[in-house]
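What follows is the residue order along each chain.
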Amino acid sequence: MTEPRPIGHNNGPPLDDERPAAAETPRLPYDAACARCAHWTPPSEREESDYRAWTGGYGRRVKEPSGHCFRVLHRPGGPTAFAGTMGRSRCFNFEAKADPEPDRRSGRGFVTIWQGDKILWQGTEGEEPAQFRQQELDL
């Protein structure tokens with residue numbers, strides 16, 4: 001005598017008992033957030049300033065500012081989509097922004113090198129002739 005079939009069984013062949021091993025879900029970097037992603041477009045400065053004012057206790061209540069992204073990927077291997085996102089949101093299509101080049105003009109002043117009453121050199125800091133940079137060492 002055969003075992004009784006469970007309800008809904010269609011007398012078909014047995015299914016495979018072994019399921020394929022599920023691929024491990026990729027982990028996002030700890031700093032993966034929309035605000036640091038190259039694809040994200042931030043909200044307007046006005047929205048951000050209104051929200052900062054409200055969190056500081058001024059003005060009317062406003063929602064947290066949201067930007068948008070045309071390449072949101074909610075699950076690995078899934079389709080990309082457009083979405084409005086907050087700066088703290090995350091997705092699997094995270095791509096870190098390129099580091100901006102340091103501004104070489106900031107922090108550099110105008111230098112005048114004197115010897116007695118005579119000006120030997122004038123120019124931008126860091127561009128002094130080598131002969132004047134060597135005198136700083138006092139070796």
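Above this text you will find the structure in question.
All figures in this text were calculated on a predicted structure; none of them were measured in a lab.

(A) Quick look at the overall build of the protein. Within the protein, the regular secondary structure consists of two helices and four strands. Looking at the protein as a whole, 18% of its 139 residues are labelled buried. A sequence separation of at least 24 residues applies to 40% of the contacts in the protein between residues at least 6 apart. Accessible surface for the protein amounts to roughly 12,200 Å². Of this, 51% is attributable to carbon and sulfur atoms.

(B) Representation of the packing of aromatic side chains in the model. Tallying each qualifying case throughout the model produces two aromatic pairs. With a centroid separation of 5.0 Å and an interplanar angle of 50 degrees, the aromatic rings of F70 and F82 are classed as tilted. On the criterion of sequence distance, the pair formed by F70 in strand β1 (residues 66-72) and F82 in strand β2 (residues 81-86) is long-range, its members being 12 residues apart. Taking the relative accessible area as the measure of exposure, F70 reaches 57% and is therefore exposed.

(C) Focus on the pairing of strand β4 (residues 118-124). As judged from the six bridges shared by strand β3 (residues 110-115) and β4, these two strands associate in the antiparallel manner. By the bridge assignment, Q115 is partnered in β4 with K118.

(D) Representation of the pattern of salt bridges in the model. Throughout the structure, instances matching the rule amount to three salt bridges. Between E45 and R52 there is a salt bridge, and its shortest N-O distance comes to 3.3 Å. Judged by relative accessible area, E45 falls into the exposed class, the value being 52%. A salt bridge links R46 to D50, with the shortest nitrogen-to-oxygen separation between them at 3.2 Å. In this pair, R46 and D50 both sit in helix α1 (residues 45-55), four residues apart, roughly one turn of the helix. When its relative accessible area of 24% is taken as the criterion, D50 is described as partly exposed.

(E) Fine view of the side chain of H39. Inspection of the secondary structure assignment puts H39 in the segment before α1. The class of H39 is buried, set by a relative accessible area of 15%. At 3.4 Å, the side chain of H39 and the backbone oxygen of N93 are in polar contact. Once residues lying within four places of it in the same chain are set aside, the contact partners of H39 are H68, C69, R71, N93 and E95.

(F) The nonpolar core, seen in detail. One finds A32, C34, C37, W40, C69, V72, A83, C91 and F94 forming the largest nonpolar core, which totals nine residues. Here V72 is in contact with P79, T80, A81, A83, T85 and C91, once residues within four sequence places are set aside.

(G) Layout of the environment of R88. Looking at where R88 falls in the secondary structure, it is placed in the loop between β2 and β3. Residues R88 and R36 lie 52 residues apart in sequence; the distance between their C-alpha atoms is 9.0 Å. Excluding residues within four positions of it along the chain, R88 makes contact with A33 and E64. Within the local environment of R88, its side chain forms a polar contact with the side chain of E64, the two groups lying 2.8 Å apart.

What counts, and where the lines are drawn
Residues numbered from 1 in each chain as written. Predicted model: local features only at pLDDT ≥ 70, side-chain atom pairs only at ≥ 80, totals over all residues. Heavy atoms only, no water. Helix = DSSP H or I, 4+ residues; strand = E, 2+ residues; numbered from the N terminus. Buried < 20%, exposed > 50% of the residue type's maximum accessible area, 1.4 Å probe, protein only. Contact = heavy atoms within 4.5 Å. Areas by Shrake-Rupley, 256 points an atom, 1.4 Å probe, with all protein chains shown as cover. Phe/Tyr/Trp six-rings, centres within 6.5 Å; stacked < 30°, edge-to-face > 60°. Pairing = 2+ DSSP bridges. Salt bridge = Lys/Arg side-chain N within 4 Å of Asp/Glu carboxyl O. Polar contact = N/O pair within 3.5 Å; in protein donor to acceptor, adjacent residues only side chain to side chain. Core = buried A, V, L, I, M, F, W, Y, C linked by side-chain atoms within 4.5 Å.

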